[in-house]
Every structure is written in C-alpha cells, then in structure tokens.
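Listed below are the residues making up each chain.
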Amino acid sequence: MTYSFDKSILRGYDVRGIYGKTLHNEDAYQAGRCLASCVNAGDTIAIGYDYRGSGKILLERMSAGIRSMNVNVVILGIVPTPAVYYAVRTHSEFAGGVMITGSHNPLEYNGFKMLLRDREISGSALSAFFDVAHALPESMAVEGQERQYSVLGEYTSFLQRHLDYDAFSQKSILWCTAGGVTEEVLRNLIPEMPGRHELLIPPKDSRAPDPLGAENREYIKAALTDVKADLAFAFDGDGDRCVMFDSQGNSVLADKIFLFLANEFLKTTPGSVFVVDSKIAFSLEAIVQNGGGRLISVPTGHTNIKAAMRTSNAVLGAEMSGHYFFCYGGGYAFDDGVYAAIQIINKIGACTWEAVCEESAPLWITEEIRIFVTEKEKAEVRSALNRGAHRCEEVAGGAERYMFRDGLIFLRSSRTEDVVSVRAEGFSQKGFKEVRDRLGEILRVILGRDMAL
C-alpha cells in the first residue's frame, strides 16, 4: 500500500492542517487505522467533532479506518474536547478517543487530537504516527461496529457538581462561545447557575473561533457595556481554552489568573507543585516559591503540561494561551475551558477581580506578540537582542530569554511558520518600560514598522 501525507500536519501535540490542501480525507482514514493499531481488536474508541464543515466527512473516514482494524467506534457527536477527555477517563469501555477539531484556527483548518486511556499521542510518538500505516493490513477479517452515544448530559452534570453556589450567586457573568462548541454545554449549564448570566453566541460566519481574535474581543467588549457584567469568559473552537475579560472588556493575562489560582491552592495545600509553559512570566517562579510552592517550566503544549503534572503530582498547570489544567484524581490532568472558568469564579467568591488584583503581587509583562518575519529578519532580531542583553538563556521548547538589568525579552521561533513570538517582562514598573521600549525600537528598525506592545 502506498500512502503519503503532508508533513506539515504533524504538530507537536496534534494533527492539524488546511482541509483539502494539507489535510485530506485519506489522512483521517489512515489516522484511524494507526490509532486502532495501538489498542486491541474488539476495543472501542470514542470520537467527537466540532462545528467545522469538514468535520462530518473526516469523522466518517476516521471511523471507517478504525473499524477496518476490528475496533469499534462510538460517535459522541458535536462536543467540546474536554467532553471527549471526560468520556475516555470515566467510561472503562473506551480504550481511546479522538477529537476532530481545528481548535482556534480559521474554519478552513481541521485536525485530530488523539488519546489513549493512559496517554496522549504526541511528540515523538506523533512524529512516527503514520509510519505504521504501510505495515498494517488493508482490513481485518472482522470489521468493528459503530454506534452513537451522547455524553453531554453527564459531562454537564460533572461541571454542575463543581459550582460553588454561594460564589456564583454574587456574580454577573457574560459567557461567550466565540463561535465554538462550548455552546452545546453552556445552553444547558447556565440555567443551573445561580447569579446573573448572559450567553453570547457570535454568528458562525467566516471568523476564526478564537477568543482573542479582534472580532470576538470587540463583540465581548460591546456586550459587557450593555449588560454591565462583572466578568466575561470566552472559549476557543473546541472548548479546552478559556480567556477572561474584566468588567471593562480588557482581556486578563493568563499569568495573572494562574498566580491567583496558585495562591488559592497554596492557602489550603502548602507546598503545592505547579506546572507552566515556558512563555509564562519568569517572575512567577520566585513569587510561587516565596509562597511555599514549587513551579516547574516545560515546553509549550498540553501534552507536555499533563505529563509533567503526572510525574510531579502537581495540582495546577497553565499555558500562557489560556489553557488551565486540573486533576480528576489518579494522576490524570485535563484542560477544560468551562471547568477553569468555574474554578476561577468559585475562588474569587464575594470579592471583585479588581480587589484580587490589588492584593496580588504585580506582574509587568506584555501579551504574546506574534510577528511574521523572514529568516533574515529573525536573525537580525536575535543579533540586536544579543548585543544589548547581559546574557541569553535557552528555555525549554527552543525559546530564549534575553536578560537585561531590570527585565527580559522572551523570544520563540515557530517550527511550522515564519513567525516569532515575543514578550517583554520587567522586574519593576520602570524596568518594564525600558525592556518594552527596547523591544519596540528593535522591531521598528528591523521590520520597518511600529508594533503595538
């Protein structure tokens, strides 16, 4: 059998590409066969998918590939990724699961997040994932069966059980699906929440289901002005990411939310361990350590965070992009946007977010700025940073920190795009202004344009 695929669809922790251009129906079929080869004949794999137009045909081909290997398929329907995680971890019949989603990417993208009961398919395992396709039989003598199962009701009940009714009763919250599948959950969950709640469902048009996309930001800010809510929460296309907005419509940095949650954990569980990705504020390590905790930094990627949480018995993880990780128990860590929002509201309680910020240690740091650059421009930016920095430190995941007297500049090069991600962080308010201005001037000189930092 001859099968080839576009190597660009293999990301660090999932398969993702542009449907019909880099990602094809045959990839779904072969991915299904390869995933089925990781379990036993007669086992069952659960599949969910999001709203994208290509989702249904990819689901059909994925199911056909799995069933060709005498493995059964249960179709969970249109669900968020955390519902697939929940199904696999709470139903012993499921040996694995697949979420067909393009996450926050534009609607022409799609892909597969795959997991087994004891691990996700990621990293080197994902790089070699399709290699076994050539060695697999065309089909088994017996084909697996397919059936439907709705997990949304029990998953919604799971979320409801974690509501702190006293905390919620004192809040006015705006919930925005940002065009993603959390709509399926929030329609049923919001009526069970005490307090005042509004559900925002943007039009399912051509916009990317990205909670930090310009269109969704404007949509949320306008709605907050109308309803005068205390906070807003928005989610990505598959619901495993959560972005919080304050009452003025400003997005809250994940670093600050993580610090708040970590402090709350340390109040009840001194000595707690936390895991963050390398993009998170450098200052957090000392703050957490001073509070009696321990912070572990790992390369960006949900599977890296989960693996580190399992081995360190961490209670909380976070990525700068807005993924927050919690534990079901038994060492299994999961990222779930709606669950994260619930935990944030529970822990804020009767306070306001503004009061929380006043009590927290200050963080002086920019958002992540993604910049499209040529290889030549990338080298020039690095060279300019090296000339002014006291030293350059390599960071997990192939990133760098350029350390200055009173701050740092973080830089990470994408492995799949001509993009660099940068953040400026100060160790004081004055230091923040200095490194931010320095970064802005370097980018202006080399790229020939001003960047909003």
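What counts and how
Residues numbered from 1 in each chain as written. Predicted model: local features only at pLDDT ≥ 70, side-chain atom pairs only at ≥ 80, totals over all residues. Heavy atoms only, no water. Helix = DSSP H or I, 4+ residues; strand = E, 2+ residues; numbered from the N terminus. Rg over C-alpha atoms; globule rule 2.2 N^0.38 Å. Buried < 20%, exposed > 50% of the residue type's maximum accessible area, 1.4 Å probe, protein only. Areas by Shrake-Rupley, 256 points an atom, 1.4 Å probe, with all protein chains shown as cover. Lys, Arg positive; Asp, Glu negative; His and termini not counted. Charge placed at Lys NZ, Arg CZ, Asp CG, Glu CD. Core = buried A, V, L, I, M, F, W, Y, C linked by side-chain atoms within 4.5 Å. Contact = heavy atoms within 4.5 Å. Salt bridge = Lys/Arg side-chain N within 4 Å of Asp/Glu carboxyl O. Axes fitted to C-alpha atoms, helices over the stretch in contact; angles between N-to-C directions. Left-handed = near helix turned anticlockwise from the far one by under 90°. Nonpolar A, V, L, I, M, F, W, Y, C, P; charged D, E, K, R; others polar. Expected span 1.5 Å × (residues − 1). Arc of directions from axis to C-beta.

So, the overall build of the protein
Per the secondary structure count, the protein includes 15 helices and 22 strands. For 453 residues, the compact-globule estimate of 2.2 N^0.38 gives 22 Å, and the protein sits close to it at 22 Å. For the protein, the C-alpha atoms occupy an extent of roughly 70 × 55 × 45 Å along the three principal directions. Across the 453 residues that make up the protein, the buried fraction comes to 57%. When the accessible surface of the protein is totalled, it reaches about 18300 Å², and 48% of it is carbon and sulfur. Placing the 48 positive and 58 negative side-chain charges of the protein at their respective mean positions leaves the two points 3 Å apart.

Topic: the nonpolar core
Leu 159, Trp 175, Phe 233, Phe 258, Phe 274 and Trp 353 are the most contacted members of the largest nonpolar core, which totals 69 residues. Here the element with the most residues in this core is helix H9 (residues 254-268); it accounts for 9 residues. Once you skip the residues sitting within four places of it in the chain, Trp 353 turns out to touch Leu 231, Met 244, Asp 246, Val 252, Lys 256, Ile 257, Phe 260 and Ile 348. If you look at the next biggest cluster of nonpolar residues, it comprises 35 residues, including Leu 35, Ile 45, Phe 112 and Phe 129.

Quick word on the side chain of Arg 412
One can find Arg 412 in strand E21 (residues 407-413). One buried charged residue, Arg 412, remains without a salt bridge, the closest side chain of opposite sign being Glu 368 at 6.0 Å.

Considering helix H11 (residues 302-312)
Along H11, the residues that are buried comprise His 302, Thr 303, Ile 305, Lys 306, Ala 308, Met 309 and Ser 312. Once H11 finishes, Asn 313 follows within two positions and takes phi at roughly 55°, a positive value.

Quick word on the packing of helix H14 (residues 375-388) against helix H15 (residues 429-447)
H15 packs onto H14 with a crossing angle of 140° between their chain directions and a minimal axis gap of 10 Å. Handedness of the crossing formed by H14 with H15: right-handed. On H15, the residues touching Glu 377, Glu 380, Val 381, Ala 384, Leu 385 and Gly 388 of H14 are Arg 438, Ile 442, Leu 443, Ile 446 and Leu 447. A class-by-class count of the residues in the contact of H14 with H15 yields 7 nonpolar, 1 polar and 3 charged.

Details of helix H8 (residues 214-227)
Over its 14 residues, H8 runs 20 Å from end to end, which matches the ideal 20 Å to within 8%, given 1.5 Å per residue. Along H8, the residues classified as buried are Asn 216, Ile 220, Ala 223 and Leu 224. Axial view of H8: buried residues confined to an arc of 105°, hence all on one face. Turned more than 90 degrees from where H8 packs its buried face, Ala 214, Glu 218, Thr 225 and Asp 226 sit exposed. At the exit of H8 stands Lys 228, carrying a positive phi of roughly 55°.

With respect to the packing of helix H1 (residues 25-36) against helix H2 (residues 55-67)
The packing of two helices is summarised by the inter-axis angle and the distance between the axes. It is at 7 Å that the axes of H1 and H2 come closest, and there the two elements cross at 35°. Read as a crossing pair, H1 and H2 show a hand that is right-handed. Contact with H1, carried on its side by Asn 25, Ala 28, Tyr 29, Ala 31, Gly 32, Arg 33 and Ala 36, involves Ile 57, Leu 58, Arg 61, Met 62, Ala 64, Gly 65 and Ile 66 of H2 and no other residues of that element. Among the residues forming the contact of H1 with H2, the class breakdown is 9 nonpolar, 3 polar and 2 charged.

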